[in-house]
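Residue-level structure breakdown
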Amino acid sequence: AKSNNWDAQSFQKDYRDLCVHFLERQEPRPELLLAVPPPAYSDSADILSDVVNGELPQLVPKISEEARGVINLPLEEQAKRARSSVPGELLAKTCVVDTFTALGGASLKRRSYFAEDGIHPNQRGTELLSLVIFADLRSKVRKYLRKRADEAAKEVPDNPLGL
């Protein structure tokens, strides 16, 4: 968000459209992770810290929900008319990783995790950023693998040898 090009409505529309474009063209549908960007500790390089620290933390989750809705609502309406349900693999899944809070949030309490410019994470900040994203991905992979194992266990007959 720079002073010479920030437009909240355009950002929201363009980001949502990008997410929808990605979700529409992937089979099976992936789960799309959007990250709330880390806070800005200064206005250097024409970065609007009030936008990064105030508007973006609210916009990114909203965009995530809107992108999911663009794909899912028509499918759900069609399924409702047919009195059926939409198969899970057809539904768009999005989630938000909150790197903003992890790197200091609105209270800006982790300045030491940023380079001198107050915008870019330093090595310590980059490590924390990667850990936050990795933890979220790991949790999702663990749930997915658990679900697949449960499905596989259901498919095994009680007497697989027919004895």
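For the structure itself, look to the data block above.
Description of the structure in this document. (Residues numbered from 1 in each chain as written. Predicted model: local features only at pLDDT ≥ 70, side-chain atom pairs only at ≥ 80, totals over all residues. Heavy atoms only, no water.)

As a further point, take the overall build of the chain. Counting its regular elements, the chain contains four helices and two strands. Over its C-alpha atoms the chain spans a radius of gyration of 21 Å, topping by over 25% the 15 Å that the globule rule assigns to 163 residues. With respect to the principal axes defined by its C-alpha atoms, the chain has extents near 70 × 40 × 25 Å. Burial status across the chain gives 28% buried among its 163 residues. At a minimum sequence separation of 6, the contacts of the chain that also span at least 24 residues come to 71%. Total accessible area on the chain is roughly 10800 Å²; 54% of this is exposed by carbon and sulfur atoms. Taken as two groups, the 23 positive and 24 negative side-chain charges of the chain have centres that lie 5 Å from each other. (Helix = DSSP H or I, 4+ residues; strand = E, 2+ residues; numbered from the N terminus. Rg over C-alpha atoms; globule rule 2.2 N^0.38 Å. Buried < 20%, exposed > 50% of the residue type's maximum accessible area, 1.4 Å probe, protein only. Contact = heavy atoms within 4.5 Å. Areas by Shrake-Rupley, 256 points an atom, 1.4 Å probe, with all protein chains shown as cover. Lys, Arg positive; Asp, Glu negative; His and termini not counted. Charge placed at Lys NZ, Arg CZ, Asp CG, Glu CD.)

Time to look at helix H4 (residues 123–155). Between its first and last C-alpha, H4 extends 47 Å over 33 residues, near the 48 Å set by a 1.5 Å rise per residue. Near the N-terminus of H4, the side chain that reaches the backbone nitrogen of Arg124, with its oxygen 3.1 Å away, is that of Asn122. (Expected span 1.5 Å × (residues − 1). Polar contact = N/O pair within 3.5 Å; in protein donor to acceptor, adjacent residues only side chain to side chain.)

Attention now goes to the packing of helix H1 (residues 8–24) against helix H2 (residues 49–81). Where H1 meets H2, the closest approach of the two axes is 9 Å, and the angle between their N-to-C directions is 40°. The angle between H1 and H2 places the two elements in the oblique class. Regarding H1 and H2, the two cross each other, and that crossing is right-handed. Of the residues in H2, those touching H1 at Ala8, Phe11, Gln12, Tyr15, Arg16, Cys19, Val20, Leu23 and Glu24 are Glu55, Leu56, Leu59, Val60, Lys62, Ile63, Glu66, Ala67, Val70 and Ile71. Grouping the amino acids of the contact of H1 with H2 by side-chain chemistry returns 13 nonpolar, one polar and five charged. (Axes fitted to C-alpha atoms, helices over the stretch in contact; angles between N-to-C directions. Parallel < 35°, antiparallel > 145°, perpendicular 65-115°, else oblique. Left-handed = near helix turned anticlockwise from the far one by under 90°. Nonpolar A, V, L, I, M, F, W, Y, C, P; charged D, E, K, R; others polar.)

Overall, the coordinates contain three aromatic pairs when judged by the stated rule. Ring geometry for Trp6 against Phe11: centres 5.2 Å apart, planes inclined by 45°, an arrangement best described as tilted. The exposure class of Trp6 is partly exposed, given its relative accessible area of 22%. A ring pair is formed by Phe11 and Tyr15, whose centres lie 5.5 Å apart and whose planes are at 55°; its orientation type is tilted. With a gap of four residues between them, Phe11 and Tyr15 both fall in helix H1, about one helical turn apart. Taken together, the ring pairs connect Trp6, Phe11 and Tyr15 into an aromatic cluster. (Phe/Tyr/Trp six-rings, centres within 6.5 Å; stacked < 30°, edge-to-face > 60°.)

Moving on, we get to the pairing of strand S1 (residues 31–36). Note on strand geometry: in a regular strand, side chains alternate between the two faces of the sheet. The alternating pattern of S1 places Leu32, Leu34 and Val36 on a buried face and Glu31, Leu33 and Ala35 on a face that is not buried. A crossover links S1 with its parallel partner strand S2 (residues 93–98), the connecting element being H2, and its sense is right-handed. (Right-handed = clockwise from strand over helix to strand, strands pointing away.)

Our next topic: unusual backbone geometry. The residue Asp46 is not glycine, and still its phi comes out positive at about 60°. With respect to the element layout, Asp46 can be found in the loop between S1 and H2. Its identity as a non-glycine residue notwithstanding, Leu108 has a phi of 50°, on the positive side. Residue placement: Leu108 occurs in the loop between helix H3 (99–102) and H4.

Residues Arg138, Arg142, Lys143 and Arg146 make up a contiguous surface patch of positive charge. Tracing the sequence through the fold places Lys143 in helix H4. Lys143 gets classed as exposed once you look at its relative accessible area, which sits at 55%. (Patch = residues over 30% accessible without salt bridge, like charges linked within 9 Å, V, L, I, M, F, W, Y side chains within 5 Å. Salt bridge = Lys/Arg side-chain N within 4 Å of Asp/Glu carboxyl O.)

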